[in-house]
Structures are given as C-alpha cells and as structure tokens.
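# Examination of the molecular architecture
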Amino acid sequence: MKRRDFFLSTLTTGGIAATSGFYACNQHLNKKNASSQFSRPWWVKRINKPLLKIDDTLYKRFDSKANVFGSFIKYIGRENFLKLRQKSRNKTEKFFKEKKPGFRIEDRALAEAAWVLSRTGGLDRGMRSWNRQFVRTPQEKGIKRYSGSPERAALLVKQAARYYGAATVGITQLDRRHINARERGMDIIFEKVNEPYQDEKEKKLVIPDKCKYAIALSLQMSLDNIQCSPSGIGSAGSSLGYSRAEYLVGALAEFIRALGYTAIPSVNDLGSSVAIAVDAGLGELSRTNRLITPEFGPNVRLAKVLTDLPLKTDKPIRFGILEFCKVCKRCAEQCPAKALSFKDEPDFEVRGLWNNPGHQAWFEESPRCLSYWQESTSGCSRCIAVCPWAKKDKTIIHEIVKASSAKIPLLGGFFTTMDETFGYGEQKDPEKWWHMNLPEYGIDTTSGGKG
Amino acid sequence: MKKNNSYLNIKIRKRAWYIWFLWFIWIIWIVFWIDVTLGSLKEFENRAFMISLAITIISIIFGIILWHLGYKKPKKSNH
Ligand code: B12
C-alpha cells in the first residue's frame, strides 16, 4: 500500500464508519417507507444508464445454442471432451474411494438433492410454465382485474417477490435485445397476442408484445457453502439457489396472473438475467462477467419475470464496482481454470462465439470454466467465494469497506490486500460445514431488500 | 495524596482536552475491533477472528500502558 493511500484511508474511514453505523441503525426505520423504491445502502447511486456501454450497431439478440452449455463439444473438440469426461469419472471414483471431504457420497447427495425443484422446470415447463397453472384469474372469479397505479403495483410485486424468496428485486422496461433470439431450436419472437405460446410446428416461442416490463430477481446463496467450492458442499450452494429460484419465479408469475395480467417466469432460460438485473438496478457488471450487488456481492442467483402489468421502473445503479474490479483482479488470479480476464479495462472484444458481441464487459474464456467443472467433478464457484464483496456482513467493517470502496475507488487495491491478509475467500473445510449451526436455507433472510 | 492530621488532601489534576479526545478515539477503536472479532466468529472466519482478537488485546494493553505512563508524574530531581 502506498503511504498516500494509507493516510487517505485513515482519514476517510472515520467519517465513513460513522455514516455506516448511522446507516445500519437507520436501515430498519427506512424499511418502513411505503415506497416501491426500496432503500439501498447510502453509498449506492442511482444513474440513468448503466456504466458499461452498448454498441447499438452490434448488439443483437443471442442464440443460446452458442453458449458453452449448447456448444461445449464444438468449442473444445470431441476428443478433448471425451478425455475430459473420462478423467472426471475416474476422479469421481477415486475421491469417492478415498472418502475425500467434499466429494464423498453424502457431499454429492446434498448437492444433487438440492436440484430437485429446479429439475422439474425449464423454458415454459413446470413452475416456469408461460401460462396460468393453479390460480384463478379475476375473470374467472367474476371480478375486475387489478387497476392500481404503477407505483403501487411495483410495491406489491416487490413485496410478493421478497415473500417468495427474493433477496432483492428491481424493475426495468424490457430491452428486447437481452432476450435470446433462439432457444431449444425454436425462434423466440414478439407478437401482438394476448397470451404467450409455443408453436412446435413453426418452431417458435411467442412472447406477447405487451410484455414490456422485466422484474429482475436476485436470490442469496449460502456463502458457507460457496466458500467450500469446489466440492459437493459448494455445489449445493448453487443447486439450492436454483431450486429456490424455480419456486420464486413460479409463485411470482402466478401472483401476477391472479391480478389479471400475463407473466413469463424465467431462470437461466430466455435471456441474460445479468443484463436485465443491471438495467433494473440490482447491481453492476463485474470482472467475472457476472453481477455484483451492493448487498450480497456476487453471491446471488438471478432470475426474472416478464409481464404486461404496468409497473414503476427502477434505475440502474453505480457503487464503484467498475473501478474496484479494475484494480482488484482477485477472481481472475484465483480462478482455477484461468478463465477470467486480466485486462485493466472492460472492452468490446469478445473471447469467442460464446460471448455476445456489442456490449462492454470483461469477457471470459467460458470453455475453460466448464472444462474445470468436469475436472473438479463438482462445478466451481471460486470466483464468487474469493470476491471481497462476498461477505456475511456480521461486522461493521464490511459495511465500512464497501462504502469506502464505493466512494474512493483508489482504496480498492488496499482493501483487496487486507481482505487476503485477513484470510477471507480461503476455501473452507467441507467437513466442518456438516457441523455448523445453519440458518434456514443457509442464508440470513433478515438482510436484503426490494432493490 | 498526602495525610495531613485528620484531613485528606486530594490533588485533582486537570487533563488537557486532547487527552479526552484520544481516550474517546481509543474507546471507539476498541469497540470497533471487538465488533470485528465477534463478527468474524459469527462468520466462521478463523483468520480474521484471530487477527482482530490480537489487535483488540494489543490495543487494550497498549492503551492502558500509555494511559498510565502519561499520568505518572515525571520525577523531578531534588538537586
Ligand atoms: C451459459 C452460462 C454460463 C457458462 C458461460 C457463459 C457462456 N458465455 O457460455 C458457464 C457454464 C461457463 C458459466 C459459468 C458460471 N456461471 Co453462468 N450462466 C450461464 C447462463 C445460463 C447463460 C449466459 C449466457 O447465455 N451467456 C452468453 C452471452 C450472453 O454471454 P456474454 O456476452 O459474455 O454476456 C454475459 C454478461 O456480460 C451478461 N450480459 C449479456 N448481455 C449483456 C448486455 C449488457 C448490456 C450487460 C451489462 C451484460 C450482459 O450476461 C452474460 C452472462 O454470461 C446464465 C443465466 C442467464 N440466463 O443469464 C448463467 C449465469 C450468468 N451464471 C451465473 C454464475 C453464478 C456462474 C458461475 C459462478 C457458476 C456458478 N457457481 O453458478 C460461473 C462463473 C463463470 C465466470 N465467471 O466466467 C449466474 C450469475 C449470477 C450473478 N451474480 O451474476 C447466472 C445468471 C445464473 C443464475 N441463474 O444465477 N455460466
């Protein structure tokens, strides 16, 4: 650390500490405000446009087949794929025989079982059905549909989402370019229709034109699990997040339908949850090419619901992530697959067909990431675990560090060094996880907010 | 303090304003590190817990020593 940084940090820490303490006490009171705009940490600034730019001439809807799940074999070659798969199988067996903590039968069972709800869904399937499932519409009940103001509707939707398990919720006008052009071999198109539908014959998925709003949702993952990554315990952090997301989007869509409107629930399908979350002000795009939120850092799963219910929208936010990621680079250094970008600045240069050109980002070598999932035999979330923004916030120091980083980007490097010195981000012992006194779902549900 | 027949003579020395200020800073510093220590414990962050515990203990000991040193009357020579 430079001496100048040290003095600056000492000077500012006092002020920021006081403000943070005041903020922490005030949070509770603020939460009682009946506005659809929920209070965010004081160091979060609402802005009119996301910081990272879009090149309008280049940015188009993405064919989901090109992401690494869709084209993995194409990207790494069949031979490499088969080798990798065999290696993964051998390793799985070896770890199993050795009873390696994190890779034993019980560790893997935890992760696999946590997928249970997620596996029942898919694009327009199960909980993610595009049409009404169980609720009765106002029409069926013989009453008029909901007709409150967009402000009130936003409040209702956000509160319902929180109730169904969201950590934060934001609303944005849907930018259709964030919606995939194709999925499951079908074109996704917008039409002037009343209800969304699938046409198997014409191979098209139709979203009604009137669905102009996107509700962006984040869900906390258990940081205790993610910190054990890569391992079965770590993987369970992701899979439980996915199952909870499945329920969240399903329930929220049904809530909106019960109000008399159309709702299309989505988790990983349909389009970029990250881009929608950025527009809706849930967080900023980071070096991992994923979202960092002010409240939970990168430790969130994302989902979304499209709707025609008129809603008051939120603005994007900034809180210093762009500047922080420029100097931190910890995720890139610690990524076991060496998949993440080391560039100082985000740019428009994609790394391969798996990235969608036309938007500014720290693009990553995704095939390396997915290859490592095979190698580790249990996926990976190291980039989340090591991020200095992924904290449980049980002490005021995290609030002070976040606030300082947001306000004085110069301190990013210093905080990253301190974070490492204090041992944050080190891989935790999966065996110890089994002995922890865990809160429900492994998360602190008293934090968060409506976004 | 000196015994004088049946009276007790107590000398009250006025502390400079900045001493109170330093004392206040010290208390805040200690409270802060106690918070970090307890927080790290709750977060199962072992290293953070050990470091902050060490800082807390050292700060308390150092503070007490300095406090006493500062208030020991400097011994004047009788010559
Ligand atoms: C496919 C996929 C992957 C692929 C890689 C992506 C790819 N290019 O193929 C693999 C399997 C390697 C992967 C890995 C991981 N993923 Co992933 N992934 C997805 C998925 C399903 C689709 C993304 C996609 O189609 N990308 C292809 C194109 C669009 O990528 P791109 O051009 O590089 O754009 C990226 C960002 O810039 C942003 N984006 C896209 N367009 C635009 C436009 C603008 C204007 C902006 C600002 C951003 C933006 O979204 C893209 C995310 O990949 C999403 C879910 C979803 N629907 O969003 C989850 C998702 C992005 N992944 C997620 C996570 C957490 C991970 C992992 C940490 C694994 C884990 N534990 O879950 C790692 C991290 C790897 C890394 N840091 O590089 C989360 C991110 C949560 C967050 N905090 O942001 C998501 C949202 C899943 C979820 N439901 O929570 N992933």
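We now turn to the structure provided with this report.

The rules behind the values
- Residues numbered from 1 in each chain as written.
- Chains lettered and ligands numbered in written order.
- Predicted model: local features only at pLDDT ≥ 70, side-chain atom pairs only at ≥ 80, totals over all residues.
- Heavy atoms only, no water.
- Helix = DSSP H or I, 4+ residues; strand = E, 2+ residues; numbered from the N terminus.
- Contact = heavy atoms within 4.5 Å.
- Areas by Shrake-Rupley, 256 points an atom, 1.4 Å probe, with all protein chains shown as cover.
- Rg over C-alpha atoms; globule rule 2.2 N^0.38 Å.
- Buried < 20%, exposed > 50% of the residue type's maximum accessible area, 1.4 Å probe, protein only.
- Lys, Arg positive; Asp, Glu negative; His and termini not counted.
- Charge placed at Lys NZ, Arg CZ, Asp CG, Glu CD.
- Buried area = accessible area lost by both parts, 1.4 Å probe.
- Salt bridge = Lys/Arg side-chain N within 4 Å of Asp/Glu carboxyl O.
- Near = heavy atom within 4 Å.
- Polar contact = N/O pair within 3.5 Å; in protein donor to acceptor, adjacent residues only side chain to side chain.
- Nonpolar A, V, L, I, M, F, W, Y, C, P; charged D, E, K, R; others polar.
- Axes fitted to C-alpha atoms, helices over the stretch in contact; angles between N-to-C directions.
- Parallel < 35°, antiparallel > 145°, perpendicular 65-115°, else oblique.
- Left-handed = near helix turned anticlockwise from the far one by under 90°.
- Phe/Tyr/Trp six-rings, centres within 6.5 Å; stacked < 30°, edge-to-face > 60°.
- Lys NZ or Arg CZ within 6 Å of the ring centre and 35° of its normal.
- Expected span 1.5 Å × (residues − 1).

## With respect to the overall build of chain B
When its secondary structure is counted, chain B shows two helices and two strands. Ordering the α and β elements of chain B from the N terminus gives β-β-α-α. Across chain B, every contact between residues at least 6 apart in sequence was considered, and the portion connecting residues at least 24 apart equals 47%. When the accessible surface of chain B is summed, it comes to about 7100 Å², and 71% of that surface belongs to carbon and sulfur atoms.

## Some points on the overall build of chain A
Each helix and strand counted, chain A has 16 helices and 12 strands in total. Expected size for 451 residues packed as a compact globule is a radius of gyration near 22 Å; at 22 Å, chain A falls within 12% of this value. Taken along the three principal axes of its C-alpha coordinates, chain A extends 65 × 55 × 50 Å. Residue burial in chain A is summarised as follows: out of 451 residues, 57% are buried. With an accessible surface of roughly 20400 Å², chain A has 56% of that area assigned to carbon and sulfur atoms. Computing the positive centroid from 72 side-chain charges and the negative centroid from 49, chain A places the two 2 Å apart.

## Notes on the interface of chain B and chain A
Of the residues lining the interface, 15 residues belong to chain B; the matching set on chain A comes to 19 residues. Carbon and sulfur atoms make up 57% of the surface buried where chain B meets chain A, a total of about 1400 Å² over both sides. For the pair chain B and chain A, the interface holds two salt bridges. Residue Glu426 of chain A is joined to Arg47 of chain B by a salt bridge in which the shortest nitrogen-to-oxygen separation is 2.5 Å.

## Looking at the site of the ligand
All names here are of chain A. In the vicinity of the ligand lie 38 residues, with Asn289, Leu291, Arg301, Asn356 and Ser381 positioned nearest. In this structure, a nitrogen atom belonging to the ligand sits 2.8 Å away from a side-chain N or O atom of Asn268. Of all the elements in the fold, those that place two or more residues in the shell around the ligand are α2 (68-76), α8 (232-258), α9 (273-279), β11 (300-307), α12 (366-376) and α13 (382-385). Tallied by class, the residues present in the shell around the ligand amount to 21 nonpolar, 13 polar and four charged.

## Some words on the packing of helix α10 (residues 321-328) of chain A against helix α15 (residues 412-421) of chain A
Residues and elements named next belong to chain A. Where α10 meets α15, the closest approach of the two axes is 8 Å, and the angle between their N-to-C directions is 60°. Overall, the two elements α10 and α15 adopt an arrangement that is oblique. You can see that α10 and α15 cross each other, and the crossing is right-handed. On α15, the residues that touch Phe324, Val327 and Cys328 of α10 are Gly412, Gly413 and Thr416. In terms of residue class, the contact of α10 with α15 is made up of three nonpolar, three polar and no charged.

## Here's the deal with the packing of aromatic side chains
Residue and element names in this part refer to chain A. A full pass over the atoms with the stated rule returns 18 aromatic pairs over all chains. Ring plane angle 75° and centroid distance 5.0 Å describe the contact between Tyr75 and Trp354, whose orientation is recorded as edge-to-face. Of this pair, Tyr75 sits in helix α2 while Trp354 sits in the loop between α11 (330-334) and α12, and the two are 279 residues apart along the sequence. One aromatic cluster in this structure is built from Trp43, Phe319, Phe324 and Trp389. Just above the ring of Phe95 sits the side chain of Lys100; from NZ or CZ to the centre is 4.9 Å. If you follow Arg244 out to its NZ or CZ, it ends over the ring of Tyr441, 5.3 Å from the centre.

## A word on the packing of helix α14 (residues 396-407) of chain A against helix α1 (residues 17-42) of chain B
At a closest axis distance of 8 Å, the pairing of α14 of chain A and α1 of chain B adopts a crossing angle of 105°. Relative to α1 of chain B, the element α14 of chain A lies roughly perpendicular. Across from Ile396, Ile397 and Ile400 of chain A in α14 of chain A, the residues of α1 of chain B making contact are Phe32, Asp35 and Val36 of chain B. In terms of residue class, the contact of α14 of chain A with α1 of chain B is made up of five nonpolar, no polar and one charged.

## Some remarks on the environment of Ala280 of chain A
Residue and element names in this part refer to chain A. Relative to the helices and strands, Ala280 is located in the loop between α9 and β9 (284-285). Assessed through its relative accessible area of 2%, Ala280 is described here as buried. Taking the C-alpha atoms as reference points, Ala280 and Ile171, 109 residues apart in sequence, are found 4.9 Å from one another. Here Ala280 is in contact with Gly170, Ile171, Thr172, Ala216, Asp314 and Lys315, once residues within four sequence places are set aside.

## Topic: helix α6 (residues 150-163) of chain A
Owing to its 3.6 residues per turn, the α-helix aligns residues three or four sequence positions apart on the same side. All names here are of chain A. If you check α6, its first and last C-alpha atoms are 20 Å apart, about what 14 residues at 1.5 Å a residue would give, namely 20 Å. Every buried residue belonging to α6 is among Ala153, Ala154, Leu155, Leu156, Val157, Lys158, Ala160 and Ala161, and all of these are buried. In this structure, the buried residues of α6 make contact with β2 (168-173), β7 (213-220) and α8.

Nothing here speaks to function; it is all geometry.
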